[in-house]
Amino acid sequence: MTREFPMPSDQTFYGSDFEALQGVDPDVAEVLLTELDRIRGGLQLIASENISSPAVLTALGSTLSNKYAEGYPGRRYYGGCSEVDKVETLAIERAKDLFGAEHANVQPHSGASANQAVYGAFLKPGDTFLAMSLPMGGHLTHGSKVSFSGKWFNAIGYGVDKQTEDIDYDQVAELAREHRPKLICAGGSAIPRLIDFEFFRNLADEVGAIFWVDAAHFIGLVAGKAIPSPVPHADVVTFTTHKVLRGPRSGALVCTAEHAAALDKAVFPMMQGGPQMHTIAAKAVNFKEAATAEFARYAADVIANSKQLAASLLELGVRPTTGGTDTHLSLLDLQGIGVTGRDAEARADAAGIVLNKNAIPFDPQKPNVASGIRVGTPSVTTQGMGVEQMRQIAALIARAVTEGDADPDHPVSKEVRAQVTDLVTRFPAYPRG
Ligand code: DSN
């Protein structure tokens, strides 16, 4: 039988109670409200963010946060784990079902933690691995010199082809044959195109490497069956749960049965201590939400919106690298319009459009200036916007970036912001009652 969520007067005992917070700490309570205003008041186009459901947020703000549960369901190092065992088991089974995986570990605190576990399971310090380099679209944890992954291992980076701006598969193969890495990674933070997982699988088999996919960015599209899944091809797939997937800010991994024990040991006790049980509960909720037909429609809409946004920006002279996108994100090269990524981000921000500067492949600028911006459609699609609104958003981005200013009082900032306000009023985040 389904039990109703406790009445508001009881919520202090069961979960979140905003009035209690206001009484104890009005300063923090105020930030919660102003952040909600910020989310509602602008266009959220950061490709790695989304607007998770009240159900997910409720699980996060629950008493499960109190419980220590080092270990795994049925084999913990603490008493009193009967209830959290249930929720972790639900999360594991739902993750396996959602992705058709043999094994799931839902304890990583983040995508970076899940990635650490992969290194912990398969490499020793000094070992060689191959991954996309950060300036080409990879991720810090894929071997950047400022990350543990680049400091403790011999990271070989591959990039994109200068002409197509898509992954340079010839280079990947050459580097794999030359360096014989123990681990090969596909995935990154600024890859607008689909990845050929079969190519990577065959190459990994040829050189005797483990094949790892960091699917943080696109796992929500996989869950919604809107793009092909890496799971049948990879030894291990790591991901975050808060991007297109729309769950809590956290991480997880799925893998083959063969590597389950090694990866479980690498997550705990090698890399982490006590799991965050409230977040694991929120992941369980998220995996249930992501298995619905409604979520599959959402994932397809995210891509349709993203393709329209990229096409409309191209028409307006803002060039998407690779000529477009197959996913939720576009990487826009601003060199043709003579604006840096840093200036574009500030101008957009002043106009109520939240996006991020981003290095483009072969970028002549420093990373904190950059020649590009990255835009994504997960949040605006959650708000119910469609292709018509994407045409409008493209026009607003182009105007803010080319004619606007970082000063919110500049006439262009004000004019664009008024149109953004109109749009987000018609398609609100967290609609009121
Ligand atoms: N930093 C995240 C992103 O924005 O893509 C990835 O970890």
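Residues numbered from 1 in each chain as written. Predicted model: local features only at pLDDT ≥ 70, side-chain atom pairs only at ≥ 80, totals over all residues. Heavy atoms only, no water.

Q: So what exactly am I meant to see when it comes to the sheet that holds strand 11 (residues 319-320) here?
A: Each strand in a sheet pairs with another by means of backbone hydrogen bonds, the pair being arranged parallel or else antiparallel. Ordered by their spatial adjacency, four strands build an open sheet running 11-12-15-14, and the pairing between neighbours is antiparallel. Edge positions in the sheet fall to strand 11 and strand 14 (356-358), since each of these pairs with one other strand and no more. The strands touched by helix 13 (residues 293-315) within the sheet are strand 11, strand 12 (329-333) and strand 15 (372-376), with strand 12 carrying the most contacts at an inclination of about 15 degrees. (Pairing = 2+ DSSP bridges. Helix = DSSP H or I, 4+ residues; strand = E, 2+ residues; numbered from the N terminus. Contact = heavy atoms within 4.5 Å. Axes fitted to C-alpha atoms, helices over the stretch in contact; angles between N-to-C directions.)

Q: I would appreciate a short explanation of the packing of helix 16 (residues 387-403) against helix 17 (residues 411-426) in the present structure.
A: Between two packed helices, what matters for the description is the angle formed by their axes and the separation of those axes. Taken N-terminus to C-terminus, the directions of helix 16 and helix 17 make an angle of 160 degrees; their axes are 10 Å apart at the nearest point. On the basis of the axis angle, helix 16 is roughly antiparallel to helix 17. Between helix 16 and helix 17 lies a crossing of left-handed hand. In contact with Q389, Q392, I393, L396, R399, A400 and E403 of helix 16, helix 17 contributes V412, E415, V416, Q419, V420, L423 and R426. Among the residues making up the contact of helix 16 with helix 17, the classes are represented as seven nonpolar, three polar and four charged. (Parallel < 35°, antiparallel > 145°, perpendicular 65-115°, else oblique. Left-handed = near helix turned anticlockwise from the far one by under 90°. Nonpolar A, V, L, I, M, F, W, Y, C, P; charged D, E, K, R; others polar.)

Q: What am I meant to see in the sheet that holds strand 9 (residues 236-240) here?
A: Overall, mixed pairing links the seven strands, which are arranged 4-10-9-8-7-5-6 in an open sheet. Lying at the two open borders of the sheet, with one neighbouring strand each, are strand 4 (103-105) and strand 6 (154-158). On average, adjacent strands in this sheet sit at an angle of 20 degrees to one another, irrespective of strand direction. Against the sheet, helix 6 (residues 111-122) touches strand 5 (128-132), strand 7 (183-186), strand 8 (210-214), strand 9 and strand 10 (251-255), its axis set at about 160 degrees to strand 9.

By themselves, these figures tell us nothing about what the structure is for.
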